[in-house]
Amino acid sequence: MQHTAWVLTAAEYLGSKQDIVTFDVDDSHVGQRMPMTRIGIHPKRLSLVGAQETGEPGDLVWESNAGLERLACRLAHQSLAIVLPRVPANSPSIVALKRAFIGRGLVVVRKAEGTPFIDLDASWKNPRSKFNAGRRSDFRRAERHAEKSGGLTFEIHENLSESALDSLLDEAYAVEARSWKGESGTALTGDQILGSFFREYARAAMRQGTLRLALMRVGGVAIGMQIAVQCQKRFWLLKIGYDPSYARCSPGNLLMLHTIGYAAQFGLRSYEFLGSPAPWTTQWTTMLRPYLRVHAYPASLQGALALVQDLLGALRKRLIRGVTT
């Protein structure tokens, strides 16, 4: 989420154009400018572009310590409060913001929700070996159902023409739409903004060579999908979906087995689930990347209003918890 493809695509497709604000960072790898977005009604706050819409963690963008210090200083000298919903707990941007706001405002840091991940090693080349005999039997049974239904195949696409990518994305989006996400209205086919964002981001990631589009087919029909990227020796899982009418073939689990094994085969360091921990992720891992929520309040009228608003909101939550308990 700190790379050019994600940041610039999010600035183009997510949020309101008039709310995008850019900050000059002389050596930033997003074209010397860091886009952020104004969120909320009154007072407005600055946040990471796409953080609200995708729910993914993120961070400030910099290329050197000097560039980060300059960006933090510029943020401390503007008037809007800043909220970074989920920043890696060890991020240098937290220290840089605290330093830049000395004498110019207040920085508050709280624990945020972590993201599941698997630390990969050679043993994950055969991920089913990590499960007990009962689970391994479930995987074999699902594979037999798939074979009886017309044959089981897996695909992980990397280098594609734009037309081929669009065709495969159409298939992937259609698979996701047949899942519970379609019924709830959260599928990419039903969300024009997010659907367009992920399609354009996939094109940008493909041009950078990081895109990994995975499909599971039964009888040639796509019934499971993953949109992911391979970057910094890690496999980052962005979107998943499966066709529930093929539940006996367990497409979600079998495709996950395949891509985890793929990541380990290529010597990647980790498999990053992103998103939030959920019952289905605990089947694969209970390890979580730690994140922090960062609020920065500049010494300005808007900063003071945001601080008071947040303090009242926190007090209200405590009172509600006290009543319900």
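For the structure, see preceding data.
Conventions and cut-offs
Residues numbered from 1 in each chain as written. Predicted model: local features only at pLDDT ≥ 70, side-chain atom pairs only at ≥ 80, totals over all residues. Heavy atoms only, no water. Helix = DSSP H or I, 4+ residues; strand = E, 2+ residues; numbered from the N terminus. Rg over C-alpha atoms; globule rule 2.2 N^0.38 Å. Buried < 20%, exposed > 50% of the residue type's maximum accessible area, 1.4 Å probe, protein only. Contact = heavy atoms within 4.5 Å. Areas by Shrake-Rupley, 256 points an atom, 1.4 Å probe, with all protein chains shown as cover. Pairing = 2+ DSSP bridges. Axes fitted to C-alpha atoms, helices over the stretch in contact; angles between N-to-C directions. Parallel < 35°, antiparallel > 145°, perpendicular 65-115°, else oblique. Left-handed = near helix turned anticlockwise from the far one by under 90°. Nonpolar A, V, L, I, M, F, W, Y, C, P; charged D, E, K, R; others polar. Patch = residues over 30% accessible without salt bridge, like charges linked within 9 Å, V, L, I, M, F, W, Y side chains within 5 Å. Salt bridge = Lys/Arg side-chain N within 4 Å of Asp/Glu carboxyl O.

Details of the overall build of the protein chain
Okay, step 1: A tally of helices and strands in the protein chain yields ten helices and eleven strands.
Okay, step 2: The C-alpha atoms of the protein chain give 22 Å as radius of gyration, which agrees with the globular expectation for 325 residues (20 Å, within 12%).
Okay, step 3: Counting only C-alpha atoms and orienting by the principal axes, one finds that the protein chain spans roughly 70 × 55 × 40 Å.
Okay, step 4: Relative to its 325 residues, the protein chain shows a buried fraction of 49%.
Okay, step 5: Expressed as a percentage of contacts within the protein chain between residues at least 6 apart in sequence, the contacts between residues at least 24 apart total 73%.
Okay, step 6: When the accessible surface of the protein chain is split by element, carbon and sulfur atoms take 54% of a total near 15500 Å².

What about the sheet that holds strand S10 (residues 270-272)?
The strands making up a sheet associate through backbone hydrogen bonding, with each pair oriented either parallel or antiparallel.
Okay, step 1: Pairing is mixed in the open sheet, where eleven strands are placed in the order S1-S2-S3-S4-S11-S5-S10-S9-S8-S7-S6. With one partner strand each, in any of the chains shown, strand S1 (20-24) and strand S6 (152-157) form the two edges of the open sheet. On average, adjacent strands in this sheet sit at an angle of 30° to one another, irrespective of strand direction.
Okay, step 2: Here three bridges tie strand S3 (residues 45-48) to strand S4 (residues 81-88), and the two strands are oriented parallel to one another. If you follow Ser47 over to S4, its bridge partner there is Val83.

Quick look at the packing of helix H6 (residues 162-177) against helix H8 (residues 192-208)
Okay, step 1: The interhelical angle for the contact between H6 and H8, taken along N-to-C directions, is 140°, at an axis separation of 11 Å. The orientation of H6 relative to H8 falls into the category oblique. The two elements H6 and H8 meet at a crossing, and its hand is right-handed. The segment H6 lies against H8, with Glu162, Leu165, Asp166, Leu169, Asp170 and Tyr173 engaging Gly195, Phe198, Arg199, Ala202, Arg203, Met206 and Arg207.
Okay, step 2: Considered class by class, the residues forming the contact of H6 with H8 number six nonpolar, one polar and six charged.

Quick look at a nonpolar patch on the surface
Okay, step 1: Nonpolar side chains collect at one region of the surface, where Val308, Leu312, Leu315 and Leu319 lie side by side and expose about 370 Å² of accessible area between them.
Okay, step 2: Locating Leu319 in the fold gives a position in helix H10 (residues 301-324).

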